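Notes for the structure review
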Amino acid sequence: MAFVIKFVKGVRNHWKKSIFAAVALTYGCNYAKEYYEIQQLMRVYCKEAAEYGKAPIASDENPRHITIILNPNANKRKAMKEYEKYCAPILNLAGIYVDVIQTDAEGHAKTLMDNLEATNAVVVAGGDGTLSEVVTGLMRKSETNKVDLPIGVLPLGRTNTIGNRLFPGGDHLQNIRSLADASLAVIKAHMKPIDVMKIEVLQDEELQGKVIYAVSSVKWGAYRDAQARKDKYWYFGPLRSYATYIFNGYKSTLSWNCNANINYTLPCEGCKNCVRLPEERRRWYHRFLPYKTQSVVVPRTVNALCEEIHQKYISTSDFAVATTNALGGYDSLPQLKLNLGPNSVDYFDFVSEGWRSEHGHDRNVKETILAKEIEIKPDELEHTDRWFSIDNEEFELKPVKFIPYNLFFI
C-alpha cells in the first residue's frame, strides 16, 4: 500500500514527466505490436512464395523472367524502400528472375518500353502516372494496338486507381497486405481484363500521332485545378487536401467554365461496323462471310446506331471521362463514362463537394453519358493555363478523342 501511495505522489508531483512517459510507452507498445504483426504477415506470404520456388521446372525451360519498372520518386520517394521490404522478398523466393529498372525522369518509362528485351511480364512499381507511361509505351510499340504482354501492378504510388481496385488498401498493415497480394498475383500469373483509354490529339500537327493511354480517367474543371494545387499547402500536413478547396474556392484562375463541343457514339456490343480485321488479315470474301481468328471475330450483323454521331454543346464546372476501372468494375463491352457536373457552383458547395471527393464519394453529377468514342473541342484554347489531368498527370488543354480498349493485367 505504501508503494502505491508513493507512486501516486510521484505522478502528481512530476505530472509532465509522467504524461510524457505514458505517451512514449503507448507509442512503443503500438510500434512493437505493429512490427510483430508485419513480420508474421510477411512470414506467411514468403512461405507461400517459397513453395513456388521449390517447384521443379523442365530441363528445356527457363525460369520466368519479369521486368519491373520502378519509379523511386513515387509516394514521396518511399517506393524503393517499400518495394525492397515488402515485394522483393516474395518475388525472389518464388524462383523468378527479376530485372528491376528504375525511371529517372518523367516520360522515361515510355522510352524504356521501346528498348524492352524479351520478358514474360512487365510489372509497374509506382502510381497511376508510371502505369500510364508503361501502357502508352507498349501500345505505341505495338502495330496492332494490342499488347499480348501481361502488365502487373505493385501499388507503390500516391494514387493507385488500378492497384487499389485489384488489391484494396487501408491502414498501414492493410497497405502492406495489398503489396504482398500484388506480388503474389505476379507469381501466380493471375490475369484480369482491364480497360484503357486511348487519347488522340486532334488539330495539332506537332502532336499528330503522339497517342497517350490512360488507365483511369481524364479530368477538367475547377476541382481538377484545385487538386493540382494540393501540394502547395504541404505545411497543413494531412489537412492539405481540405485546405486546397478552402483557399481556391474563390479564385478566378480555376476552370469554372468548361465549355466545349463534343461528338460521341453510343456503345455497341459488336457489329460489322465497329469490329474490323487488321488490314493484313483481310480477304475479298470477308465482306460476305464472318472471319474468325484466335482473337478477332467479325460478325455479320450491323447496328444502325453504331456509327451515328451525336453532337452536344456542354458548359460545366466539372468534366470527367472515366474507364470502367475507375468506376469499380469491368465490362467486357469497352465503353467510357462521361460525367458532367453543374454549370456553376458557389463557394460553399465547392468546398463541401471537394471534401466529399477526398473521402472517396462521388461529386454532384448533372448528366452522365455512356459512349463508345468521344471527341471534345474546348472553347478555351486561347488560355495557356488550362489543363487536363490524365491519370493525375497534367496535359495541355487541346481538342482530343477518347477511345476505349481492353488489356489484360496480372
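Structure's up top.
Residues numbered from 1 in each chain as written. Predicted model: local features only at pLDDT ≥ 70, side-chain atom pairs only at ≥ 80, totals over all residues. Heavy atoms only, no water.

Let us look at the overall build of the protein chain. The number of helices and strands found in the protein chain is 11 helices and 16 strands. Relative to its 410 residues, the protein chain shows a buried fraction of 44%. Accessible surface for the protein chain amounts to roughly 23100 Å². Of this, 53% is attributable to carbon and sulfur atoms. (Helix = DSSP H or I, 4+ residues; strand = E, 2+ residues; numbered from the N terminus. Buried < 20%, exposed > 50% of the residue type's maximum accessible area, 1.4 Å probe, protein only. Areas by Shrake-Rupley, 256 points an atom, 1.4 Å probe, with all protein chains shown as cover.)

What follows deals with the packing of helix α10 (residues 240–248) against helix α11 (residues 347–358). Two elements in contact, α10 and α11, have axes whose closest approach is 9 Å; the angle formed by their N-to-C orientations is 165 degrees. In terms of orientation, α10 lies roughly antiparallel with respect to α11. Read as a crossing pair, α10 and α11 show a hand that is right-handed. Two secondary-structure elements touch here, α10 through S241, Y242, Y245, I246 and N248 and α11 through Y347, F350, V351, G354, W355, S357 and E358. A per-class count over the contact of α10 with α11 returns seven nonpolar, four polar and one charged. (Axes fitted to C-alpha atoms, helices over the stretch in contact; angles between N-to-C directions. Parallel < 35°, antiparallel > 145°, perpendicular 65-115°, else oblique. Left-handed = near helix turned anticlockwise from the far one by under 90°. Contact = heavy atoms within 4.5 Å. Nonpolar A, V, L, I, M, F, W, Y, C, P; charged D, E, K, R; others polar.)

For the rest of this paragraph, the subject is a nonpolar patch on the surface. Together, W234, Y235, F236, L239, I246, F247, Y250 and W355 make up an exposed nonpolar region whose accessible area comes to about 880 Å². Position of Y250 among the secondary structure elements: in the loop between α10 and β8 (258–265). Judged by its relative accessible area of 58%, Y250 is exposed. (Patch = residues over 30% accessible without salt bridge, like charges linked within 9 Å, V, L, I, M, F, W, Y side chains within 5 Å. Salt bridge = Lys/Arg side-chain N within 4 Å of Asp/Glu carboxyl O.)

This next bit is on the pattern of salt bridges. Should the charged atoms of two oppositely charged side chains come close, the side chains can pair. On inspection of all chains with the given rule, the structure shows 11 salt bridges. Here R158 ties to D231 by a salt bridge, and the two come within 3.1 Å at their closest N and O atoms. With a gap of 73 residues between them, R158 in the loop between β4 (151–155) and α7 (161–166) and D231 in the loop between α9 (222–228) and α10 connect regions that are remote in the sequence. Residue D231 is classed as partly exposed on the basis of its relative accessible area, which comes to 39%. Each of R158, D231 and R240 takes part in salt bridges that share partners, so that together they form one network.

Topologically, S315 is positioned in strand β9 (residues 310–316). In this structure the C-alpha to C-alpha distance between S315 and N343, which are 28 residues apart in sequence, comes to 5.7 Å. In this view, S315 contacts C258, N259 and N343; residues no more than four positions away in its chain are not counted. Reaching out from S315, the side chain makes a polar contact with the side chain of N259 at a distance of 2.7 Å. (Polar contact = N/O pair within 3.5 Å; in protein donor to acceptor, adjacent residues only side chain to side chain.)

Further remarks concern the packing of aromatic side chains. To describe a pair of aromatic rings, one takes the distance between the centres and the angle between the planes. Evaluation of the coordinates by the stated rule reveals 13 aromatic pairs. Aromatic pair Y233 and Y235: ring centres 6.4 Å apart, planes at 65 degrees, arrangement edge-to-face. Considering the side-chain rings of Y347 and F348, the 5.5 Å spacing of their centres and the 85 degrees angle between planes classify their relative orientation as edge-to-face. Overall, the relative accessible area of 29% leaves Y347 in the partly exposed class. (Phe/Tyr/Trp six-rings, centres within 6.5 Å; stacked < 30°, edge-to-face > 60°.)

What follows covers a positive patch on the surface. There is a patch of like positive charges on the surface, built from K76, K78, K81 and K85. Within the secondary structure, K85 is located in helix α4 (residues 79–93). (Lys, Arg positive; Asp, Glu negative; His and termini not counted. Charge placed at Lys NZ, Arg CZ, Asp CG, Glu CD.)

Our focus in this paragraph is the packing of α4 against helix α8 (residues 172–188). Closest axis-to-axis distance for the α4/α8 pair is 9 Å, and the angle between their directions is 35 degrees. In the crossing of α4 with α8, the sense of the turn from one axis to the other is right-handed. Of the residues in α8, those in contact with E82, Y86, C87, I90 and L91 of α4 are H172, I176, L179, A180, S183, L184, V186 and I187. For the contact of α4 with α8, the per-class residue count stands at 10 nonpolar, two polar and one charged.

Owing to its 3.6 residues per turn, the α-helix aligns residues three or four sequence positions apart on the same side. If you check α4, its first and last C-alpha atoms are 20 Å apart, about what 15 residues at 1.5 Å a residue would give, namely 21 Å. Considered for burial, the residues of α4 that qualify are A79, M80, E82, Y83, Y86, C87, A88, I90 and L91. With its phi angle positive at about 75 degrees, G95 sits one or two positions after the end of α4. (Expected span 1.5 Å × (residues − 1).)

So, on to unusual backbone geometry. The backbone of R77 shows a phi angle near 65 degrees, a positive value even though the residue is not glycine. Relative to the elements of secondary structure, R77 occurs in helix α3 (residues 74–77). Look at R77 and you get exposed, because its relative accessible area is 64%.

Let us look at helix α6 (residues 128–141). For α6, which comprises 14 residues, the first-to-last C-alpha distance of 20 Å matches the rise-based estimate of 20 Å (1.5 Å per residue) to within 8%. Burial runs high along α6: 12 of the 14 residues are buried. Along α6, the residues classified as buried are D128, G129, T130, L131, S132, E133, V134, V135, T136, G137, L138 and M139.

Quick look at the pairing of strand β10 (residues 318–322) now. When you tally the buried positions in β10, you get five out of five residues, the bulk of the element. Of the two faces of β10, the one carrying D318, A320 and A322 and the one carrying F319 and V321 are both buried. Sheet analysis places strand β7 (residues 217–221) next to β10, joined by five bridges and oriented antiparallel. Residue pairing for β10: V218 is matched across the bridge by V321. (Pairing = 2+ DSSP bridges.)

One open sheet accounts for six strands, arranged β12-β11-β10-β7-β14-β15; its pairing is antiparallel. Each having just a single partner strand, β12 (367–371) and β15 (393–396) make up the two edges of the open sheet. When the angles between neighbouring strand axes are averaged without regard to direction, this sheet yields 20 degrees. As defined by bridge partners, strand β11 (residues 336–340) adjoins β12 across five bridges and the pair is classed as antiparallel. Within the sheet, the bridge partner assigned to N339 lies in β12 and is T368.

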